[in-house]
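Residue-level structure breakdown
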Amino acid sequence: GESVGLHLPTLSVQEGDNSIINCAYSNSASDYFIWYKQESGKGPQFIIDIRSNMDKRQGQRVTVLLNKTVKHLSLQIAATQPGDSAVYFCAESYYGGSQGNLIFGKGTKLSVKP
Amino acid sequence: DSGVTQTPKHLITATGQRVTLRCSPRSGDLSVYWYQQSLDQGLQFLIQYYNGEERAKGNILERFSAQQFPDLHSELNLSSLELGDSALYFCASSVGGITYEQYFGPGTRLTVT
């Protein structure tokens, strides 16, 4: 498959373990954050989002934590499965602004060992 | 399947040429975004259209242009192509003009030789 980045940080976990992927965002004014999953040869797929008035949001097997004090975002994946192997991107935006574009982080490659 | 379609899937062309990439947003979405993904630059926002009008511009070169048509599909035109333009080009769509969940298409892989 295609590689989306040659020098991505890599997280390797055992199937069934929990995964934590971290992201430092750049703009203290950003108030909307999204995590995307990108599998080889595919476009980014929306996983979960969070607005800055929250510090935690849960989805199915995933939890996003937001720490505005240190501009840090994390994605927790419970009971990681081989199908979770992908590159994960965090993205930020200023929801209250007039523009809709997302600013993406560099990505983290998650590798799940069976 | 995100509901966003892009054509073509692959494109190989020579330096100096011009190509057009096409995107159809999800049904009901008014915004279309174009992103470039290269190995060394990651995902970079190029341009956004909302309901036919340009809404935001990012790191888009002057050699590149885009438009959104009345039926809301969008085209990204890349001209005077250089080797460094080789990349994956993604289109995304969202309901509104300000950031909402953006749904990405499968991408067009452009190779300039």
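Residues numbered from 1 in each chain as written. Chains lettered and ligands numbered in written order. Predicted model: local features only at pLDDT ≥ 70, side-chain atom pairs only at ≥ 80, totals over all residues. Heavy atoms only, no water.

1. Focus: the pattern of salt bridges
Heads up, the condition is: A pairing counts as a salt bridge when a side-chain nitrogen of Lys or Arg comes within 4 Å of a carboxyl oxygen of Asp or Glu. Helix and strand assignments follow DSSP, with helices taken as H or I runs no shorter than four residues and strands as E runs no shorter than two, numbered in order from the N terminus. Only protein chains enter the accessibility calculation, which uses a 1.4 Å probe; a residue is then buried when its area is under 20% of its type maximum, exposed when over 50%, and partly exposed in between.
In total, this model carries six salt bridges over all chains according to the counting rule given. A salt bridge links Asp49(A) to Arg57(A); the shortest N-O distance between them is 2.3 Å. For the salt bridge of Glu82(B) with Arg63(B), the shortest nitrogen-to-oxygen distance reads 3.7 Å. In this pair, Glu82(B) sits in the loop between strand E8 (74-78) and strand E9 (87-94) while Arg63(B) sits in the loop between strand E6 (53-57) and strand E7 (64-68), placing the two residues 19 residues apart along the sequence. Arg63(B) gets classed as buried once you look at its relative accessible area, which sits at 19%.

2. Observations concerning the sheet that holds E7(B)
Residue and element names in this part refer to chain B. Note the following rule: Any two strands with at least two DSSP-identified bridges between them are counted as paired. Orientation is described by lines fitted to C-alpha atoms, with helices fitted over the stretch in contact, and by angles between N-to-C directions that extend from 0 to 180 degrees.
The four strands lie next to each other as E1-E3-E8-E7, forming an open sheet whose pairing is antiparallel. Single-partner strands in this sheet number two, and they are strand E1 (5-7) and E7. Neighbouring strand axes in the sheet, compared pairwise and without regard to direction, differ in orientation by 15° on average. Of the strand pairs in this sheet, E1 and strand E3 (residues 19-24) are connected by three bridges, and their pairing is antiparallel. Bridged to Thr5 within E3 is Ser24.

3. Some details on the sheet that holds strand E5 (residues 56-58) of chain A
Sheet strands associate in pairs through backbone hydrogen bonding, adopting either a parallel or an antiparallel arrangement. Residue and element names in this part refer to chain A. Strand order in the open sheet formed by four strands is E2-E7-E6-E5, with antiparallel pairing between adjacent strands. Here the strands that pair on one side only, and so sit at the sheet edges, are strand E2 (19-24) and E5. Averaged over all adjacent pairs, the angle separating strand axes in this sheet is 15°, with direction ignored. Sheet topology note: the E5/strand E6 (residues 62-67) ladder contains three bridges and is antiparallel. Following the sheet pairing, Gln58 is matched in E6 by Thr63.

4. So, the side chain of Gln102(B)
Inclusion rule: Any pair of N or O atoms that falls within 3.5 Å is considered a polar contact. Within protein, one atom must be able to donate a hydrogen and the other to accept it, and sequence-neighbouring residues count only if both atoms are side-chain atoms.
Structurally, Gln102(B) is set in the loop between E9 and strand E10 (103-104). Within the structure, Gln102(B) has its side chain in polar contact with the side chain of Tyr35(B) (distance 2.8 Å).

5. Considering the state of the cysteines
Short version of the rule: Criterion for a disulfide: a pair of cysteine sulfur atoms within 2.5 Å.
All told, the structure shown has two disulfides over all chains when counted by the stated rule. The disulfide partner of Cys23(A) is Cys90(A), and the S-S distance across this bridge is 1.6 Å. Of this pair, Cys23(A) sits in strand E2 while Cys90(A) sits in strand E8 (residues 86-93), placing them 67 residues apart in sequence. The same class applies to Cys23(A) as to Cys90(A), namely buried. There is a disulfide in this structure between Cys23(B) and Cys91(B), and the S-S distance comes to 1.8 Å. Disulfide Cys23(B)-Cys91(B): torsion about the S-S bond near -45°, hence left-handed. With Cys23(B) in strand E3 and Cys91(B) in strand E9, this residue pair connects regions lying 68 residues apart in the sequence. When its relative accessible area of 0% is taken as the criterion, Cys23(B) is described as buried.

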